[in-house]
Amino acid sequence: MSFATRLVLGIVLILVLVVGVLLWGAERSLRRDLETNIALGLEREAGLVAAALPADSLEWDGVVHRLAGRSSHRITVIDRGGRVRVDSDFPAGPLPPVESHADRAEVRAALDSGRAGVATRRSETVGRRLMYVAVRGGPGVVRVAADLSQVDAIVHQAQRTVGWTALLALALGTVLALGAGRSIARPLIEITAAARSIAAGGAPRFPHSGIADVDALVRELREMHRQLGERFAELRHEQAESAALVDSMLEGVIAADARGRVVTANPAAQRLLGYAPSQALPPLPELFRVKAAREAVDAVLRGEPVQDRQIETDGRVVLLNARPLPAGGAVLVLHDLTEVRRLETMRRDFVANVSHELKTPLTSISGYAETLLGDRPDEPTTRRFLETIVGNARRMQRLVDDLLDLSRIESGRWQPAPVDVDVASAARDAWSALAERARPRRIELALDIAAGAASVTADPEALGQVLTNLMDNSLRYTREGGRITCGSRTVGGGVAVSIRDEGPGIPAAHLPRIFERFYRADPSRSREEGGTGLGLAIVKHLVEAHGGSVRAESDLGSGTVVTCFFPAPADS
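All values derive from a computational prediction rather than experimental measurement.

Student: Would you take a moment to explain the overall build of the protein chain for this structure?
Tutor: When you go through the protein chain residue by residue, the secondary structure sums to 14 helices and 17 strands. Carbon and sulfur atoms make up 55% of the accessible area of the protein chain, which amounts to about 32900 Å² in all.

Student: Looking at this model, I keep getting lost on the environment of Val84. Mind explaining?
Tutor: Tracing the sequence through the fold places Val84 in strand 2 (residues 84-87). By relative accessible area, Val84 is classed as buried at 9%. Distance in space between the C-alpha atoms of Val84 and Val98 is 6.9 Å, their sequence separation being 14 residues. Not counting residues within four places of it along the chain, the set of residues in contact with Val84 comprises Thr76, Val77, Ile78, Leu95, Val98, Glu99 and His101.

Student: Is there a simple way to think about empty space enclosed by the protein in this case?
Tutor: Over the atoms rolls a probe the size of a water molecule, and in doing so it shows where empty space is left. A complete count under the given rule lists one cavity of 30 Å³ or more for this structure. Reported here for the largest cavity is a volume of approximately 70 Å³. Leu272, Leu273, Tyr275, Leu287, Phe288, Arg289, Thr313 and Asp314 are the residues that line the largest cavity. A class-by-class count of the residues in the lining of the largest cavity yields five nonpolar, one polar and two charged.

Student: Would you mind going over the sheet that holds strand 6 (residues 252-256) with me for this structure?
Tutor: Strand pairing in a sheet relies on backbone hydrogen bonds. The paired strands run either parallel or antiparallel. Spatially, 7-6-10-9-8 is the arrangement adopted by the five strands of the open sheet, whose pairing is antiparallel. With one partner strand each, in any of the chains shown, strand 7 (262-265) and strand 8 (306-313) form the two edges of the open sheet. The sheet shows a mean angle of 25° between the axes of neighbouring strands, direction not considered. In the sheet, strand 9 (residues 316-324) pairs with strand 10 (residues 330-336) via seven bridges, with the strands oriented antiparallel. When the sheet's bridge partners are listed, Pro324 is paired in strand 10 with Ala330. Contacts from helix 7 (residues 291-301) reach strand 8, strand 9 and strand 10, with the element oriented near 150° to strand 8.

Student: Which parts of the structure should I look at to understand the environment of Leu13?
Tutor: Looking at where Leu13 falls in the secondary structure, it is placed in helix 1 (residues 3-52). Assessed through its relative accessible area of 61%, Leu13 is described here as exposed. Through-space distance from the C-alpha of Leu13 to that of Thr174 is 9.8 Å; in sequence the pair is 161 residues apart.

Student: Help me understand the sheet that holds strand 3 (residues 117-122), please; the structure alone is not making it clear to me.
Tutor: As summarised here, the arrangement of the five strands in space is 2-1-5-4-3, forming an open sheet in which the pairing is antiparallel. Of all the strands in the sheet, just strand 2 and strand 3 have a single pairing partner and so form its edges. Along the sheet, successive strands turn relative to each other by an average axial angle of 20°, direction set aside. Note that strand 1 (residues 74-79) and strand 2 share three bridges and pair antiparallel. Looking at strand 2, one finds that Ile78 is bridged to Val84. In the packing of helix 3 (residues 105-113) onto the sheet, contacts are made with strand 1, strand 3, strand 4 (129-137) and strand 5 (140-147), and the angle to strand 4 comes to roughly 20°.

Student: Is there a simple way to think about the pairing of strand 5 in this case?
Tutor: Walk down a regular strand and you will see the side chains alternate between the two sheet faces. Counting buried residues along strand 5, seven of its eight residues qualify, which places the element largely inside the surrounding structure. As defined by bridge partners, strand 1 adjoins strand 5 across six bridges and the pair is classed as antiparallel. Residue Thr76 lies in a different strand from strand 5, and its bridge partner there is Arg143. Relative to strand 5, strand 4 runs antiparallel, the two sharing eight bridges. Across the sheet, Leu130 pairs through a bridge with Asp147, a residue of strand 5. Here strand 4 folds back onto strand 5 in antiparallel fashion, the turn holding two residues, of which Gly138 has a positive phi close to 60°.

Student: It is not clear to me how the pattern of salt bridges should be interpreted in this structure. Could you clarify?
Tutor: Pairing between side chains of opposite charge can happen when the charged atoms of each approach one another. The tally for this structure, following the rule as stated, stands at 14 salt bridges. Taking the shortest distance from any N to any O, the salt bridge between Glu106 and Arg143 comes out at 2.9 Å. Residue Glu106 is located in helix 3, and its partner Arg143 is located in strand 5; the two are separated by 37 residues in the primary sequence. The pair Glu106 / Arg143 is uniform in exposure class, with both members buried. Notably, a salt bridge pairs Arg476 with Asp472, separated by 2.3 Å at the nearest N-O pair.

Student: Whenever I open this one, the nonpolar core confuses me. Can you help?
Tutor: Most often, soluble globular proteins have nonpolar side chains that are buried together. Residues Trp431 and Leu467 are the most contacted members of the largest nonpolar core, which totals 45 residues. Of all the elements, helix 12 (residues 460-477) adds the most residues to this core, at seven residues. Aside from chain neighbours lying at most four places away, what touches Leu467 is Ala426, Ala427, Ala430, Cys486, Val497 and Ile499. Ranked by size, the runner-up nonpolar core spans 23 residues in total, among them Leu284, Ala322, Leu332 and Leu334.

Student: Help me understand the packing of helix 10 (residues 423-432) against helix 12, please; the structure alone is not making it clear to me.
Tutor: Contact pair helix 10 / helix 12: the axes reach a minimum separation of 9 Å and the direction vectors enclose 55°. As judged from the angle between their axes, helix 10 and helix 12 are oblique. Crossing geometry of helix 10 relative to helix 12 is assigned as right-handed. Side by side, helix 10 and helix 12 meet where Ala426, Ala427, Ala430 and Trp431 of the first sit next to Leu463, Gly464, Leu467, Thr468, Met471 and Leu475 of the second. For the contact of helix 10 with helix 12, the class distribution of residues is eight nonpolar, two polar and no charged.

So, how was this worked out
- Residues numbered from 1 in each chain as written.
- Predicted model: local features only at pLDDT ≥ 70, side-chain atom pairs only at ≥ 80, totals over all residues.
- Heavy atoms only, no water.
- Helix = DSSP H or I, 4+ residues; strand = E, 2+ residues; numbered from the N terminus.
- Areas by Shrake-Rupley, 256 points an atom, 1.4 Å probe, with all protein chains shown as cover.
- Buried < 20%, exposed > 50% of the residue type's maximum accessible area, 1.4 Å probe, protein only.
- Contact = heavy atoms within 4.5 Å.
- 1 Å grid on protein atoms, 1.4 Å probe; cavity = no way out; pocket = protein on both sides within 12 Å on 5 of 7 lines; lining within 4 Å.
- Points joined across faces, edges and corners; volume = space filled by probe spheres on them.
- Nonpolar A, V, L, I, M, F, W, Y, C, P; charged D, E, K, R; others polar.
- Pairing = 2+ DSSP bridges.
- Axes fitted to C-alpha atoms, helices over the stretch in contact; angles between N-to-C directions.
- Salt bridge = Lys/Arg side-chain N within 4 Å of Asp/Glu carboxyl O.
- Core = buried A, V, L, I, M, F, W, Y, C linked by side-chain atoms within 4.5 Å.
- Parallel < 35°, antiparallel > 145°, perpendicular 65-115°, else oblique.
- Left-handed = near helix turned anticlockwise from the far one by under 90°.

Limitation: the analysis is restricted to geometry and does not speak to function.
This is the structure we're talking about:
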């Protein structure tokens, strides 16, 4: 139903309601006024009849019939006991038996109050609707009654007159409502057309209606159209910038629709996949020949994100990340790791070679220390040199061991054998190797094991090494009398094990790099404490070998917490 139709129907309904109320009110008011006037006239007439009654009751019949003939009203004389003595509706002479009128409302009111009693009802004697007015007089009460059919006729005539007038007013109101509805609906229809034009990208025509509210709406629409134009221009500019940025990226970027058709591919992706810049790419499911890549594509088209999936294709090592789009389809980012992997291989080989080469001087240092201890020079000198040699030898030994462990983990020669390990027991075992160093500084280990996280699925030796490295690192920086806390809690899909210290904390600028090999937030202090700079790197690689992740959080002056996440087994 259109707005104009609704408006006209609403106005017509209001007019009908108003006319109905007016007819009802006019009828009630007119009837009340007419009956009030009749009642007053009957009261005066009843008083005159009462005054005209002679003292001789035998003459009442003649007087009453004569007066009733003049006024055309029914006159009744009733004594105090309610017996009808004279009634003008009966012929002159003796009255037939008439029931007592003592219970008539107007009679009781006149006798009891002394004022005129008024009542309207259908007469049981004459069978018509009458208005009765009774006043004291004669033997008791003189009552005059008038037929109300004349009142009904007058009211009905008035209703007919008012009804025709109301119908005329209703017709005129309907015509005016139609005109008003069309005048109001016209600018709204034109506004609708303008809105459609805006949606279609055309130039809209805005109407001027002369109606303040509608014109205000038109002004807002005009302003909205202007702002939309500016925003579309900004979006086009941003789209051009984004396209230029994507084209200039070293990583390959591929976007596909919900059906897997490639809609965008930057030059880096074309080059990485071996296609000419102008050559069209096949659909996404057919783009890769490597099984791992096809599995990643199938997963992302099903709506599952793919992160850091390493694939090898055409002699290249590519890191693939993919995200599904909200409206269907996916975006793939390809990062060429071939050169990075080559450099990492060279670095691992270097570390392994250096570690093996360090074995020879380490053996020499140990032999020399044993020789010095065997010759027994003066005690202070001997002890000082020997402790220095042995300390450096042990430090080199730790460095070599860490390098070998890191190389073994990175090369993939070590694979975890996860089982359920009690976190509290593993923490105590790791702390037992450090307790002797912690005791002089009054540093204690505290456990904060959450319900449901008492055990973790991990390689026992790897978990022990992770906890030992983290506790050893925390022990170097925790202040005297402090506390190192080992905690665990369940996190969606696994258990998070954390080590918290009460040290000085790590500046935010250093946090992203503390898991790199040989990276030190405070190089001088780390070397004084005997650290190799490899502990956190080993922790990171051990945890990631379990499919988990590690992160560090720190507040300067409040300590540092390192959290390792171990995922639950896939079949749990």
